[in-house]
Amino acid sequence: MPMTPRPAPARPRGRRAAWRLLCGAALLLWPVLQAAAGPRRLFLTEPFPPYTYERAGQPAGPMVDVLNKVCEQLAWRCEVQVMPWRRALALAEQGEAHGLFTVVDAPERRRYFALSPAVVQARYTLFGRQGESLQYKGPASLEGRTVAAYGPSGTSLMLEELSQGLKVQLMMERDNLTVLRLLHAGRYGAQGLVLMNEAVALWLSAQNEMPPLQAVGAVKQFGYHFGLSRQRMSAADHQRFQRSLQQLCRSGRMAELLQPYALPAAPCN
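The following paragraphs examine the structure supplied in this document. (Residues numbered from 1 in each chain as written. Predicted model: local features only at pLDDT ≥ 70, side-chain atom pairs only at ≥ 80, totals over all residues. Heavy atoms only, no water.)

Overview of the nonpolar core
Nonpolar side chains tend to gather and get buried jointly when the protein is soluble and globular. Operational definition: Only buried residues count toward a nonpolar core, which is a set of Ala, Val, Leu, Ile, Met, Phe, Trp, Tyr and Cys residues joined through side-chain atoms within 4.5 Å. Exposure categories follow from relative accessible area, calculated using a 1.4 Å probe and restricted to protein chains: below 20% of the type maximum is buried, above 50% is exposed, and the middle band is partly exposed. Only DSSP runs of H or I with at least four residues qualify as helices, and only runs of E with at least two residues qualify as strands; both kinds are numbered from the N terminus onward. Whether two residues are in contact is decided by their heavy atoms, any of which lying within 4.5 Å being enough.
Residues Y51, V66, L100, Y224, F226, F241 and L245 are the most contacted members of the largest nonpolar core, which totals 72 residues. The leading source of residues in this core is helix 2 (residues 62-74), at seven residues. Residue contacts for L245: discarding those within four places in its chain leaves V66, V70, S116, P117, V119, F226 and M254.

Written out as structure tokens, the structure reads:
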């Protein structure tokens, strides 16, 4: 005789009620858990080794390490995106991100960003091709020459400042590697020079097996900062970020973070 299907056992009412209670509690707690995770902060940067770059598809480098430590201290959920500098600068100036790095201290940057204390020390150096005999003794040394830099950037701003009132042909290229390649190819003439962050120039030359560069002279020592958007972040957030960075410096932790990269920390203030 045909068998009558047996109905599925009913879930005990007590268990069903407990499940509903648990789901309801989770929905109520979700905003609290989100707040506890900290506010999201988006920072933009560029491929700028040895300071910032991508490793295995993830942002890396000393500036990223320092930012992550500051965000950890502030309980912020910080995200870093690496993109070409011109795009990163334009988006950050439009308020599409909370911060930008690496940034030099210049009026053009302070217009849009509150600058953090300097994180790492660097210096601008003039380079020529091997055999260049010029010794840089001041801006007048550049008279009559072609000098190139990557820009728009802090380096190109520095070059414009150096060449004011002088007969200097300025060249601006899309990235530092292009600047070095064109220098070695003789595109800036027999006496062509380039202005570049010294650590960047030496790193790119070594990584790309380029001919040796001839250092003409150091132009200026400076520091790299984080730029915090004046549109997206409050004055209170600016102050909290600065205090956290100062604490990181004074404790010696910043120097420890930079040590594996053989880069000098900026003086604490």
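Points about the side chain of E46
The condition that has to hold: Charge counting follows a simple rule: Lys and Arg are positive, Asp and Glu are negative, and His as well as the terminal groups are ignored. In what follows, salt bridge is the name for a side-chain nitrogen of Lys or Arg lying within 4 Å of a carboxyl oxygen of Asp or Glu. Here a polar contact means two N or O atoms within 3.5 Å. Within protein one must be a hydrogen donor candidate and the other an acceptor candidate, and residues neighboring in sequence count only if both atoms are side-chain atoms.
Tracing the chain through its elements places E46 in the loop between strand 1 (40-45) and strand 2 (53-55). Of the side chains with opposite charge, R109 comes closest to the buried, unpaired E46, at an N-O distance of 8.6 Å. A polar side-chain atom of E46 sits 2.5 Å from a polar atom in the side chain of Y150. Those residues in contact with E46 that sit more than four places away from it in its chain are T52, V82, M83, W85, F101, T102 and Y150.

Notes on the layout of surface pockets
Under the convention used in this document: Buriedness for pockets is judged along seven lines, at least five of which must meet protein on both sides within 12 Å for an open set on the 1 Å grid over protein atoms alone, while cavities are sets there where a 1.4 Å probe fits but cannot get out, and lining residues have an atom within 4 Å of a point. Grid points are joined across faces, edges and corners, and a volume is the space filled by probe spheres set on the points. Three residue categories are used. Nonpolar comprises Ala, Val, Leu, Ile, Met, Phe, Trp, Tyr, Cys and Pro, charged comprises Asp, Glu, Lys and Arg, and polar comprises the others, including Gly.
Approximately 340 Å³ is the volume attributed to the largest pocket. Lining the largest pocket are 15 residues, and of these E46, P47, R174, D175 and N176 lie nearest its centre. Mapped by element, the contributors of at least two residues to the lining of the largest pocket are helix 3 (85-93), helix 6 (176-184) and helix 7 (198-207). A per-element tally of the lining of the largest pocket places helix 7 first, with three residues. For the lining of the largest pocket, the per-class residue count stands at ten nonpolar, one polar and four charged. The volume enclosed by the second largest pocket comes to roughly 260 Å³. Around the second largest pocket, the lining is made up of 15 residues, and of these V104, D105, A106, M158 and K220 lie nearest the centre. Of all the elements in the fold, those that place two or more residues in the lining of the second largest pocket are helix 4 (107-110), helix 5 (154-162) and strand 11 (213-229). It is helix 5 that provides the largest number of residues to the lining of the second largest pocket, a total of five residues. Each residue belonging to the lining of the second largest pocket can be placed in one class, and the counts come to seven nonpolar, three polar and five charged.

With respect to the packing of aromatic side chains
How we decide: Any pair of Phe, Tyr and Trp rings, taking the six-membered ring for Trp, is counted once the centres come within 6.5 Å. Such a pair is stacked with planes under 30 degrees apart, edge-to-face with planes over 60 apart, and tilted for the rest. A ring has a charge above it when a Lys NZ or an Arg CZ is no more than 6 Å from the ring centre and no more than 35 degrees off the ring normal.
One pass over the structure, following the stated rule, counts ten aromatic pairs. Ring geometry for Y51 and Y224: centres 5.0 Å apart, planes at 70°, overall edge-to-face. Of this pair, Y51 sits in the loop between strand 1 and strand 2 while Y224 sits in strand 11, and the two are 173 residues apart along the sequence. For the pair formed by Y51 and Y224, the shared burial category is buried. Centroid distance Y112 to F113: 6.4 Å. Interplanar angle 55°. Geometry classified as tilted. Among the residues examined, F113 registers a relative accessible area of 0% and is labelled buried. Ring pairs connect the aromatic residues F43, W76, F101, F226 and F241, which therefore count as one cluster. Note that R41 overlies the ring of W76, its terminal NZ or CZ placed 4.8 Å from the centroid.

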